[in-house]
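Structure assessment
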Amino acid sequence: MPSYDLRCRECGNTFSKQLSFAERKNVVCEKCGSKEIEPIFKRCNLMGKGGGGETSSGSSSCSGGCSGCSGC
Ligand SMILES: [Zn+2]
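Below, the structure is looked at part by part. In this text, all values refer to a predicted model and were calculated from it rather than measured experimentally. (Residues numbered from 1 in each chain as written. Predicted model: local features only at pLDDT ≥ 70, side-chain atom pairs only at ≥ 80, totals over all residues. Heavy atoms only, no water.)

Things to note about the overall build of the protein chain
On a plain count of helices and strands, the protein chain comes out with 3 helices and 3 strands. Each helix and strand of the protein chain, ordered N terminal to C terminal, gives the series β-β-α-β-α-α. The proportion of buried residues among the 72 residues of the protein chain is 28%. A fraction of 35% describes how many contacts in the protein chain between residues 6 or more apart in sequence connect residues 24 or more apart. (Helix = DSSP H or I, 4+ residues; strand = E, 2+ residues; numbered from the N terminus. Buried < 20%, exposed > 50% of the residue type's maximum accessible area, 1.4 Å probe, protein only. Contact = heavy atoms within 4.5 Å.)

Here we look at the nonpolar core
A general trend in soluble globular proteins is that nonpolar side chains are found buried together. Of all hydrophobic cores here, the largest spans 8 residues; its members are Y4, L6, C8, F15, L19, V27, C29 and I37. When residues of this core are assigned to their parent elements, the largest contribution, 3 residues, is made by strand β1 (residues 3–8). Residues contacting F15, with those up to four places away along its chain left out, are Y4, D5, L6, V27, V28, C29, E30 and I37. (Core = buried A, V, L, I, M, F, W, Y, C linked by side-chain atoms within 4.5 Å.)

Remarks on the pairing of β1
Both β1 and strand β2 (residues 14–18) contribute to a ladder of 5 bridges, which runs antiparallel. Counted as the bridge partner of S3 is Q18 from β2. In textbook terms, the turn of a hairpin is the stretch between consecutive antiparallel strands, and for β1 and β2 this stretch comprises 5 residues, one of which, G12, has a positive phi near 85°. As judged from the 3 bridges shared by β1 and strand β3 (residues 37–39), these two strands associate in the antiparallel manner. Residue pairing in the sheet places C8 in a bridge with I37 of β3. (Pairing = 2+ DSSP bridges.)

Topic: the coordination of the zinc ion
Within the protein, C8 (SG), C11 (SG), C29 (SG) and C32 (SG) serve as the donor atoms for the zinc ion, at 2.3 to 2.4 Å. Read in sequence order, the donor residues coordinating the zinc ion give the pattern C-x2-C-x17-C-x2-C. Placement of C8 in strand β1 and of C29 in the loop between α1 (21–24) and β3 is noted, with a sequence separation of 21 residues between them. Considered together, C8 and C29 belong to a single accessibility category, that of buried residues. (Donors = N, O, S within 2.8 Å, 3.2 Å for Na, K, Ca; no water.)

Structure below.
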């Protein structure tokens, strides 16, 4: 089962979790219990490829806690 790096949009907590595809939709924050969770690698890819003039802010947030993004 693949492991994902996830970030909570509510409290900013980041954590890794082994999830199946179905479980990814039901994951909650380990810290605050929020369901507003986003996978970190996905965010990085989006910002890296489509950032345009915002590459500086994109790369800075990317390098913070991303270990699985090929664009970092
Ligand atoms: Zn949270």
